[in-house]
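Coordinates in review
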Amino acid sequence: MIETTFLIIGGGPAGASLACFLSAHHFKGLLIDADSGTTRTPKAHITNPAALECLRDIGLEEAAKHDGMPKTHMLHYRWGHDMAGEEYARVHSWGNHPEQKGQYEEVTPCAPIDLPQTLLEPILIQRAIASGWTVRYDSTFQRFERKSPTSRIISTIQDNLTGQTYQISSKYLFGCDGARSTIMRQLEIPLLRQPGQGLAFNILVDVDLSKHIEPRMGNLHVCLTPEIEHPPWGFAAIARVIKPWNQWIFIVLPQPGYDDFTTIPSHEAIEQRMRQWIGDDSLPFSILNVSKWLINEIVAERYSDGNVFCLGDAVHRHPPVNGLGSNTCIQDAWNLAWKAAYVEYQQAGPRLLDSFSLERQPIGAGVVQRANQGLRNQGPVMEALGMTGATVEERVRQYAELSAATEAGRIRRKRLQEGVRHVIHEVCAIGIEMNQRYRSKAIYLSDEFAPQGSLPADPILTHEVTTYPGSRVPHAWLNKSVPGQQISTIDLAGHECFVLLTGIGGEEWIRAARKYVLKTGIILKAYSIGWRQDYEDVYGDWARKREIEEDGCVLLRPDRVVCWRSMMVRRDCFDALYRVMQSILDGGPAAWEEVVGMDTA
């Protein structure tokens, strides 16, 4: 019997990042994966600012940026006949739109990158191993047993190389085992399903498209051929760059209603369709891999059961639209890791872990809905381009209307422009990435005078900057009075501990935080921001975003989420801070009577 505190099943973005985040809290454990190594297929690729902020906290942002493509390579999302031929339309994407550049830079110090999962997973796994985690590939999780929802868990694992089985005893079990999660099936957690949108194919291709990319720079290209009698499995394709600019994956969407879930097209049929989508017969290409997948719209009703927690694709399954998949997996792990660490260090009560599902399940449900709606939003563009006509002749006729100086042509052109503009919700969705509002007992709302207001008019495109408890801490650049390397409020927060931010007149909050550390042993860092304080608000951005008085305070959890704020200084700073921390940490490490009334010196 192998003994460990933490057992993670699955080495994808959810499992691998969870191991990294737990290692930042100085915990080691076991990670088991059925594959022979990190993934060999690109799968997810967009890494958005919300996920990069998590990796930034543990020093992995630079490694991700080094291996990924920068925002300048992600300039456009475009529609065309093929990769080399005529273009139909384009939009700026991933923060490159002139109207959105400022918002991206305003709300986060991180810029989106294109980092295929084949490159992301090794970064995470290498960090986990270097931090003392044991990673076992070729090992299939079969089942677990436990006497009660809080007792130790006995997991049975099969070594795929020898066929032998062995057992692992763990205090916690984390199901990061993907869309066919064995752990989810054993827990019998209900899945909330919407009708799927059918089948899709991934075709991985080596083809050097460098000479065609410079005038149409971007990482996503929709290929639509209305005048061609296409096979039912090959209705349209979204070409996504893997290695600039000589390796691509073509995400193939079958004709609406296509339901042959068993047959993969022949190599000859795929090759012929690929020639049409590449559009340049002078370019040699080779097909490396073909796979198929279902377009799901599924989210789990809850994410945990006692000391078993599920995250990532095990609990939310959706198409890769909006680039939300691996990013949501990483943020699931980010939310869970600090809570598990605080409970295991006995700095929090076990009920703190109940907040994981309460906070992340609504986020997962929203992501699943948004990703599927993003795919549906392609419909109006395809219809305007004539792709939905029943015959080649009808499609050609509809497409020709776009060039006609007629009322029908005007209407069709307008529909195309409106459809294209709406797809911005897929590729400039800083709001859906960052507008995460948490509600649980790990968020303290009793001192708020009013409920949080509604989200922005377009919560997909616009991020709500606020310190209302349950929101991410606003980003603002700070400096010292003698200018040096600037630092973001994002970087003051996190790093495995609670952080309190105050300003001029908030000295009592600083003293209260120090006293709390002395009396409980829980690390709580405190900084004053303002004129000649610990950090200077050089641009005045923090003053504009903090929503409290200078002498008030904002309390941040280790995951940089605002968990409480006081609008101004109080006569009972320490008592208030202590009560809030006890509430958030489900009782914390010390009873109230042990510290109440103690000297604040």
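Residues numbered from 1 in each chain as written. Predicted model: local features only at pLDDT ≥ 70, side-chain atom pairs only at ≥ 80, totals over all residues. Heavy atoms only, no water.

Each assigned domain of the protein chain is listed with its residue range as follows: domain 1 (2-67 + 113-189 + 301-353) and domain 2 (471-596). Taken together, the contact pairs 20 residues of domain 1 with 22 residues of domain 2. Interface of domain 1 and domain 2: buried area, both sides summed, is about 1,700 Å²; carbon and sulfur atoms make up 45% of it. Taken as a group, Asp 57, Trp 338 and Tyr 342 account for 33% of the area that domain 1 buries against domain 2, more than any other trio of residues on that side. (Domains from an automatic or database assignment. Contact = heavy atoms within 4.5 Å. Buried area = accessible area lost by both parts, 1.4 Å probe.)

This paragraph deals with the pairing of strand 9 (residues 153-159). Regular strands place side chains that alternate from one sheet face to the opposite one. Sheet analysis places strand 8 (residues 139-145) next to strand 9, joined by six bridges and oriented antiparallel. Within strand 9, the position partnered with Arg 143 by the bridge is Thr 156. Both strand 9 and strand 10 (residues 165-175) contribute to a ladder of six bridges, which runs antiparallel. Note that in strand 10 the partner of Thr 156 across the bridge is Gln 167. Between strand 9 and the antiparallel strand that follows it, strand 10, lie five residues; Gly 163 among them carries a positive phi value of about 80°. (Pairing = 2+ DSSP bridges. Helix = DSSP H or I, 4+ residues; strand = E, 2+ residues; numbered from the N terminus.)

Another point: the sheet that holds strand 26 (residues 562-566). Across the sheet, four strands lie side by side as 24-23-25-26; this open sheet has mixed pairing. Every interior strand has two partners, whereas the edge strands, strand 24 (524-528) and strand 26, have only one. Taken over all neighbouring pairs, the strand axes of this sheet differ in orientation by 15° on average, direction set aside. Taken together, the four bridges between strand 25 (residues 553-556) and strand 26 define a ladder with antiparallel strand orientation. From the neighbouring strand, Leu 555 faces strand 26, where its bridge partner is Trp 564. In this fold helix 17 (residues 507-520) packs onto strand 23 (498-502), strand 24, strand 25 and strand 26, with an angle of close to 165° to the strand it touches most, strand 24. (Axes fitted to C-alpha atoms, helices over the stretch in contact; angles between N-to-C directions.)

Right, let's talk about the sheet that holds strand 20 (residues 316-317) for a bit. The antiparallel open sheet is built from three strands, whose spatial order is 11-17-20. Strands at the two margins of the open sheet, each flanked by one partner only, are strand 11 (191-193) and strand 20. Bridge analysis of strand 11 against strand 17 (residues 298-300) gives three bridges, and the strand direction is antiparallel. Looking across to strand 17, one finds that Arg 193 is bridged to Ile 298. Packing against the sheet, helix 10 (residues 354-376) makes contact with strand 11, strand 17 and strand 20, and its axis sits at approximately 175° to strand 17.

Attention shifts here to the pairing of strand 1 (residues 2-9). Across seven bridges, the pairing between strand 1 and strand 10 is parallel. Note on strand 10: the bridge partner recorded for Thr 4 is Ser 170. Bridge analysis of strand 1 against strand 2 (residues 30-32) gives three bridges, and the strand direction is parallel. In the strand pairing of strand 2, Ile 8 is matched with Leu 31.

Another point: the nonpolar core. Core analysis: the largest hydrophobic core is formed by 119 residues, its most contacted members being Phe 174, Leu 555, Leu 577 and Leu 585. If one sorts the elements of this core by residue count, helix 9 (residues 325-344) sits on top with eleven residues. Among residues more than four places away in sequence, those in contact with Leu 585 are Trp 338, Tyr 342, Gln 347, Ala 348, Gly 349, Leu 352, Phe 498, Tyr 516 and Ile 522. Membership of the second largest hydrophobic core comes to 38 residues, among which are Ala 50, Leu 402, Met 434 and Leu 461. (Core = buried A, V, L, I, M, F, W, Y, C linked by side-chain atoms within 4.5 Å. Buried < 20%, exposed > 50% of the residue type's maximum accessible area, 1.4 Å probe, protein only.)

Our focus in this paragraph is the UniProt feature "domain: FAD-binding" (unreviewed entry) in the protein chain. Mapped onto the present numbering, the UniProt feature "domain: FAD-binding" (unreviewed entry) falls on residues 3-371. Secondary structure over residues 3-371 splits into 30% helix and 28% strand, and the C-alpha atoms at its two ends are 40 Å apart. (UniProt positions renumbered as here; feature names shortened; annotations may be inferred.)

This structure, assessed with the given rule, holds 35 salt bridges. As a salt-bridge pair, Arg 557 and Glu 359 come within 2.8 Å of each other at their nearest N and O atoms. Residue Arg 557 is found in the loop between strand 25 and strand 26, and its partner Glu 359 is found in helix 10; the two are separated by 198 residues along the sequence. Taking the relative accessible area as the measure of exposure, Glu 359 reaches 1% and is therefore buried. (Salt bridge = Lys/Arg side-chain N within 4 Å of Asp/Glu carboxyl O.)

Take the packing of aromatic side chains next. The geometry of an aromatic ring pair comes down to the distance between the two centres and the angle between the two planes. The tally for this structure, following the rule as stated, stands at 21 aromatic pairs. A centroid spacing of 5.9 Å and a plane angle of 55° characterise the contact between Tyr 303 and Phe 356, whose relative ring orientation is tilted. Here Tyr 303, found in the loop between strand 17 and strand 18 (304-305), pairs with Phe 356, found in helix 10; they are 53 residues apart in sequence, far enough to count as distant. Across this residue pair, the class does not change: Tyr 303 and Phe 356 are buried. Seen in terms of ring centroids, Trp 338 and Phe 498 are 5.7 Å apart; in terms of plane orientation they differ by 85°. Their pairing is edge-to-face. Within this pair, whereas Trp 338 is found in helix 9, its partner Phe 498 is found in strand 23, the two being separated by 160 residues in sequence. (Phe/Tyr/Trp six-rings, centres within 6.5 Å; stacked < 30°, edge-to-face > 60°.)

In an α-helix there are 3.6 residues to a turn, and that puts residues three or four apart on one side. With twelve residues, helix 8 (residues 267-278) should reach 16 Å at 1.5 Å per residue; the first-to-last C-alpha distance of 16 Å fits that figure. If you follow the buried residues of helix 8, they end up packed against strand 12 (199-206), strand 13 (220-223), strand 14 (236-243), strand 15 (247-253) and strand 16 (286-294). Of the residues flanking the end of helix 8, it is Gly 279, one or two places downstream, whose phi is positive at about 80°. (Expected span 1.5 Å × (residues − 1).)

Of note, the amide linkage connecting Pro 244 to Trp 245 takes the cis form, showing an omega dihedral of -10°. Take Trp 245: it is sitting in the loop between strand 14 and strand 15. In this model, Glu 496 sits at a positive phi of 70°, which is unusual for a non-glycine residue. Mapped onto the secondary structure, Glu 496 falls in the loop between helix 16 (489-492) and strand 23. You can call Glu 496 partly exposed: its relative accessible area is 26%.

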